[in-house]
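As a plain string of letters, each chain reads:
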Amino acid sequence: MKFALFGNTYQAKKSVHAERLFQLLRQHNAELCICRDFYNFLAKDMRMEDIPNAELFDDDRFQADMVISLGGDGTFLKAASRVAGKQIPILGINTGRLGFLADISPEEMEETFDEIYEGRYRTEERSVLQLKCDDPRLAREPYALNEIAVLKRDSSSMISIRATVGGSLLTTYQADGLIIATPTGSTAYSLSVGGPIIAPDSKTIALTPVAPHSLNMRPIVICDDREITLDVESRSHNFLVAIDGRSESCKETTRLTICKAPHSVRVVKRSGHRFFDTLRNKMMWGADIR
């Protein structure tokens, strides 16, 4: 098998497991290509000497049987943005803190790769959002596995977001922002501002306001075959659009159209791993922490 490797290039402690990963891949005689940024980080910043000879690549210019993300969920999102429509499954090895996407612990790596080579694993199809607008900066990377967020910028005043769903007016949000989240993204930014937790296979989209002016404004979940249109007004005449954390400033005349992307992201899961088990463990539901 050929693997493409992405890794965290900001925190050295999240990449210390790379050496063990390389040993396991050698044992399986795997082919490897490495994101150039991560390779340079390992070689120059961490001064790692035992890096295997591997093909280096930039951006999305690679081909592989499987992608490995070594880091947290942020690293996984970066890998997913590079995979785009390639339909290459992504394995997330979690060296961060709270991982819903990257849920394989470093201690599980050996068993996980044994299972992969024996074909004892499964993949989950995760829906992706696509942003359409006339801003070329946003058009370069318009896909989000987690969420697309519209947020205030350069002012303490809230913004007005007129939201239309499937051609019908939903409401005008007076708030600090609005998060449009996939089921995958429901446990990310949306959850932190009171959004609902949604099962990954539910074929839905959640709209969650950020600090709404009216207490009557609540999150709403819609079918993912609906197109969402947003028109924003701001006292500063601009606002921020964040696509899985990649943010750009926009003029308030920019209309945003959000819909389900034509492709999905395939996430590698161990046969015994289930979403509700991960959710229960990460959220510590039922745990007595007294």
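Everything here concerns the structure above.
Residues numbered from 1 in each chain as written. Predicted model: local features only at pLDDT ≥ 70, side-chain atom pairs only at ≥ 80, totals over all residues. Heavy atoms only, no water.

(A) Spotlight on unusual backbone geometry. If you check the backbone angles, Lys203 has positive phi at about 55° while not being a glycine. Summarising the element assignment, Lys203 is placed in the loop between helix 6 (189-192) and strand 13 (204-210). (Helix = DSSP H or I, 4+ residues; strand = E, 2+ residues; numbered from the N terminus.)

(B) The pattern of salt bridges, seen in detail. Throughout the structure, instances matching the rule amount to 22 salt bridges. Here Asp50 ties to Arg26 by a salt bridge, and the two come within 3.1 Å at their closest N and O atoms. Note that Asp50 is positioned in the loop between helix 2 (36-45) and strand 3 (55-57) and Arg26 in helix 1 (residues 18-27), a separation of 24 residues in sequence. Arg26 sits in the partly exposed class, given a relative accessible area of 36%. With its nearest N and O atoms 3.5 Å apart, the salt bridge here joins Arg226 to Asp225. Of the residues examined, Arg226 reaches a relative accessible area of 41% and is grouped as partly exposed. By sharing partners, the salt bridges in this structure join Glu108, Glu111, Glu115 and Arg270 into a single network. (Salt bridge = Lys/Arg side-chain N within 4 Å of Asp/Glu carboxyl O. Buried < 20%, exposed > 50% of the residue type's maximum accessible area, 1.4 Å probe, protein only.)

(C) Region of interest: the pairing of strand 5 (residues 90-94). For strand 5, a buried count of 5 out of 5 residues is recorded, marking the element as mostly surrounded by other parts of the structure. Residues Ile90, Gly92 and Asn94 point to one face of strand 5 and Leu91 and Ile93 to the other, with burial holding for every one of them. As paired elements, strand 4 (residues 66-71) and strand 5 share 5 bridges and run parallel to each other. Bridge pairing links Ser69 to Gly92 in strand 5. Chirality of the crossover, the property in question, places the unit of strand 4, helix 3 (residues 73-83) and strand 5 among those that are right-handed. (Pairing = 2+ DSSP bridges. Right-handed = clockwise from strand over helix to strand, strands pointing away.)

(D) Expanded view of the sheet that holds strand 9 (residues 147-151). In space, the 6 strands of this open sheet follow the order 14-13-12-9-16-17, with antiparallel pairing throughout. Looking at the sheet topology across the chains shown, the edges are occupied by strand 14 (220-223) and strand 17 (246-251). Each neighbouring strand pair of the sheet contributes to a mean axis angle of 20°, computed without reference to strand direction. In the sheet, strand 16 (residues 238-243) pairs with strand 17 via 6 bridges, with the strands oriented antiparallel. By the bridge assignment, Ala242 is partnered in strand 17 with Ser247. (Axes fitted to C-alpha atoms, helices over the stretch in contact; angles between N-to-C directions.)

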